[in-house]
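# Topology and contacts: notes
Spelled out from the first residue to the last, the chains are:
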Amino acid sequence: MQRKIYIENIPREQALQKFLQALEQENYFKIESEEVDVLSSHGRITSQAIYAHRSSPHYVASAMDGIAVKASSTFAANEVNPVSLKKYQDYVEVDTGNYVPRQFDAVIMIEEVNFLDGYAQIIKPAVPWQHIRSVGEDLVTHDMMVPVFTRIGPYELASIHTAGVEKIPVVKKPRVAIIPTGTELEERASDDMEAGKIVESNSRMLSAFCEEWGAIPLRHDIVVDDPDLLRQAVRKTKDNADILVICSGSSAGREDYTSTIIEEFGQVLIHGVATRPGKPAILGIIDGKPVIGVPGYPVSAQLIFQLFARPVVFKKQGLVLPDADKVQAHVSRKIASSMGVDEYIYVNLARIKDKYMAYPLNRGAGISSILVKADGVICIERGNEGLQAGESCPVSLLRPREKVDHSLIAIGSHDMTIDILGNLLQKQYAIRLVSSNVGSMGGIMALRRQETHFAGIHLLDAKNGEYNRSYLKKYLPRESWILLNLVKRQQGLIIKKGNPLQILGLQDLLRSDVRYINRQKGAGTRILFDYLLAREGINNEAINGYNREEYTHLAVAAAVKNDACDTGMGIYASARVLDLDFIPLSEERFDLCILPDLIGERELDLLLNTINSPEFRQQVSDFGGYNLEDSGQIIHYNNQF
């Protein structure tokens, strides 16, 4: 089979318009209907208007607890001339919702009645029809209750049920067949997965989107990269689905057959969209139904699915796409972009004083974790070279605005205790902590630009052996800041379990058989490492891997665990959590530098309360490798405030 490797670069909006128009010509969006029981209709979309089968209430009913009376018999009542009414003859007792017998035309509230010797005494006349619900006050038979293309919510369900409707016509849920492809894919992760194997999660993610949008996902088993097997999967699923999605195989690699097979069964309309990520997307038609080929990387897959499958699913149900909630935010750093594509940048968001700040996340299409972390997405439209640091731009929210508004941002060095802190803030106070790991110097620069509420730092001053204070005085001389100790921690070499290479200290890093992995420039761990190397007279250029960088202690530990290197500098806690061995080299102080003018008095109090809480101290102690003797203590104030 020949592969079609030509990929176009069609603008996103043109591709969508062409796709939808082709489906319109196939009469694809004709609404299909089915009847369902009202009590099972929550979340469904009406395919016709719903009319009441009975009135509610269907009788004259009391709107109050009290007595039903003839209004004319009460007209003479006043405070100096009470009127006494005889039970059954002049009144009957009623509760809210009770039937009011036809001989009575008003209800007096129980609070306004005095019962004496079988009589009801009143001092205020009743007005005809007061506190009486007429027939059909709520609903009248044949009232239109819900128009067409309305989603049935709890209120609609209850009202329709009240009106005696037992079954209602609803739009059939679109059925979306999803075929994951790839020889390298595995259904589940395991500890003994071969190198090169990947857990297949894209189809699970897309299936969840289908359910959110009101569609039914039909996931096929994984199909290995074989054109005959993919052809069989398409033939098997196409007749039972309203939409066909093929995961991966849309690019121009050696085992990418999606485009060719779509052409065998139908028509390829678009192959290649001017978006980044997601360029290799395929849009086509098979048997009058849409087929979408999504790229294999998770970020690309979800973007293409949202851009092209979501409009089809909504339109197929007679629904209009809702507008995205947006905020205007200032980007924290420069973002370069290719001018020929619409580029989507995923960001964290936080409110700093009176403005939103957007913090770009990694742009790798294969990094699925950014989709979990992201609060919003920026679209840099083609023709633009990007955004300058501090420039304002619209951000489409992926998280509720109130969640963003109740967020703290911590930019700086990484430590697992910050994760514990964030979890407790969420648990106890519903405050979300967004952490960006850029190293200690990166944190200080973010403080200087007033782009973060606080930063984790552990910068050793080699001249005096002091941590952090001299750096803060140098770079934040005129700012008000608090330097607070979070923990003291053990730094050392993380090594494989059992130490198979017999690494005993820094001198062993000079061996040619030892592969090292470093932290990024500006990280406190790297500064400490360089200090220790200089103290022992070791030339860093002689270390195999000195210029190879990771951004967190856990990433270093994971690299050792998975044999990407033999050792790296990090904290004991990260070695312990991955069941690795550890050679201690130094204890250091890990502090938080807080800007009180930005964080707000309430949030500062809650942050300090959490750090000093028994729960925080217990969880940190359980990790091991931490010293909490100074935790929660303020080391220094800069400027009095």
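The structure presented is a predicted model; accordingly, all values stated were derived computationally and were not measured.

## Re the state of the cysteines
- Applying the stated criterion across every chain yields a total of 0 disulfides.
- As a non-bridged cysteine, Cys-247 has Cys-210 as the owner of its nearest cysteine sulfur, 9.7 Å distant.
- Exposure remark for Cys-247: the relative accessible area of 3% places this residue in the buried category.
- Lacking any disulfide linkage, Cys-393 is separated from the closest cysteine sulfur, that of Cys-379, by 10 Å.

## Focus on the packing of aromatic side chains
- Within this structure, the stated rule accounts for 9 aromatic pairs.
- Ring geometry for Tyr-28 against Phe-29: centres 5.0 Å apart, planes inclined by 75°, an arrangement best described as edge-to-face.
- For Phe-29, a relative accessible area of 10% gives the class buried.
- Taking the centre distance of 6.3 Å and the plane angle of 50° together, the rings of Tyr-91 and Phe-115 count as tilted. Placement of Tyr-91 in strand 6 (residues 91–94) and of Phe-115 in strand 8 (residues 114–116) is noted, with a sequence separation of 24 residues between them.

## Some remarks on the nonpolar core
- One finds Val-245 and Tyr-346 to be the most contacted residues of the largest nonpolar core, which totals 46 residues.
- Top element by residues in this core is helix 6 (residues 298–316). It accounts for 11 residues.
- In this structure Val-245 touches Val-176, Ala-177, Ile-178, Ile-179, Leu-206, Ile-292, Val-294 and Phe-305, once residues within four positions along its chain are discounted.
- By size, the runner-up hydrophobic cluster in this structure holds 29 residues, among which are Met-416, Leu-424, Phe-454 and Val-487.

## Quick look at helix 9 (residues 416–429)
- An ideal rise of 1.5 Å per residue puts 20 Å on 14 residues; helix 9 measures up with 20 Å between its terminal C-alpha atoms.
- When we look at burial in helix 9, the residues that qualify are Met-416, Thr-417, Ile-418, Ile-420, Leu-421, Gly-422, Leu-424 and Leu-425.

## Looking at the packing of helix 3 (residues 202–212) against helix 6
- Orientation of helix 3 relative to helix 6, taken along the N-to-C sense of each, is 25°, at an axis distance of 10 Å. As the angle between them shows, helix 3 and helix 6 are arranged roughly parallel. For the pair helix 3 and helix 6, the sense of crossing is right-handed. Of the residues in helix 6, those in contact with Asn-202, Met-205, Leu-206, Phe-209 and Cys-210 of helix 3 are Pro-298, Ala-301, Gln-302, Phe-305 and Gln-306.

## Points about unusual backbone geometry
- That bond from Ser-56 to Pro-57 is cis: its omega, -10°, falls within 30 degrees of zero.
- Position of Pro-57 among the secondary structure elements: in the loop between strand 2 (50–51) and strand 3 (61–62).
- In this structure, Pro-277 follows Arg-276 across a cis peptide bond, with omega equal to 0°.
- Examined against the element boundaries, Pro-277 turns out to sit in the loop between strand 19 (275–276) and strand 20 (282–286).
- Positioned with a positive phi, Asn-27 is a non-glycine residue whose angle comes to about 55°.
- As for its placement among the helices and strands, Asn-27 is situated in the loop between helix 1 (12–25) and strand 1 (33–37).
- Classification of Asn-27 by relative accessible area gives exposed; the value is 52%.
- Of note, Asn-499 is a non-glycine position whose phi angle comes to about 50°, a positive value.

## Here's the deal with the sheet that holds strand 20
- If you walk across this open sheet you meet the 6 strands as 16-13-17-21-20-18, and the pairing is mixed. Across the chains shown, the open sheet's two edge strands, defined by having one partner strand only, are strand 16 (216–219) and strand 18 (267–271). For this sheet the average axis-to-axis angle between neighbouring strands, irrespective of direction, equals 20°.
- Summarising the sheet, strand 18 and strand 20 pair through 4 bridges and their orientation is antiparallel. Bridge pairing in strand 20 places Ile-270 opposite Leu-283.

## Description of the environment of Ala-195
- With respect to the helices and strands, Ala-195 occurs in the loop between strand 14 (185–186) and strand 15 (198–199).
- Accessibility expressed as a relative area gives 83% for Ala-195, which makes it exposed.
- For Ala-195 and Glu-184, which are 11 residues apart along the polypeptide, the C-alpha to C-alpha distance reads 9.6 Å.

## Some details on a negative patch on the surface
- On the surface, Asp-65, Asp-95, Glu-111 and Glu-112 cluster together into a patch of negative charge.
- Checked against the element boundaries, Asp-65 lands in the loop between strand 3 and strand 4 (66–69).
- Asp-65 gets classed as partly exposed once you look at its relative accessible area, which sits at 37%.

The rules behind each value
Numbering of residues begins from 1 in every chain and follows the order in which that chain's sequence is written. Note on the predicted model: pLDDT of at least 70 is required for a residue's local features to be given, and 80 or more for side-chain atom pairs to be given and counted; whole-chain, interface and lining totals, by contrast, use all residues. The basis for the side-chain values is all heavy atoms of the structure; hydrogens and waters are excluded. Counting rule for disulfides: a pair of cysteine sulfur atoms within 2.5 Å. Burial status follows relative accessibility: with a 1.4 Å probe on protein chains alone, a residue under 20% of its type maximum counts as buried, one over 50% as exposed, and anything between as partly exposed. Pairing of aromatic rings covers Phe, Tyr and Trp, the last counted by its six-membered ring, and requires centre-to-centre distances within 6.5 Å; plane angles under 30 degrees mean stacked, over 60 mean edge-to-face, and any other angle means tilted. Numbered from the N terminus, helices here are DSSP runs of H or I no shorter than four residues, and strands are runs of E no shorter than two. For the purposes of this section, nonpolar cores are sets of buried Ala, Val, Leu, Ile, Met, Phe, Trp, Tyr and Cys residues that join through side-chain atoms within 4.5 Å. Note on definitions: a residue-residue contact is assigned when non-hydrogen atoms from the two residues lie within 4.5 Å. Helix span is expected to be 1.5 Å times the residue number reduced by one. To obtain each axis, a line is fitted to C-alpha atoms, and for helices this fit is confined to the stretch in contact; angles are then taken between N-to-C directions over 0 to 180 degrees. Angle categories: roughly parallel below 35 degrees, roughly antiparallel above 145, roughly perpendicular from 65 to 115, and oblique for all the rest. Should the near helix be turned anticlockwise from the far one by less than a right angle, the crossing is termed left-handed; should it be turned clockwise, right-handed. DSSP bridges decide pairing: two strands pair if at least two such bridges lie between them. Every patch collects residues that have over 30% relative accessible area and no salt bridge, joining them within 9 Å if they carry like charges and within 5 Å if they are nonpolar side chains (Val, Leu, Ile, Met, Phe, Trp, Tyr). Here the open area of atoms and residues is found with the Shrake-Rupley method and a 1.4 Å probe, where only the protein chains shown may cover a residue. We define a salt bridge as a side-chain nitrogen of Lys or Arg found within 4 Å of a carboxyl oxygen belonging to Asp or Glu. Think of it this way: Lys and Arg go in the positive column, Asp and Glu in the negative one, and His and the chain ends go nowhere. Each charge is placed at NZ for Lys, CZ for Arg, CG for Asp and CD for Glu.

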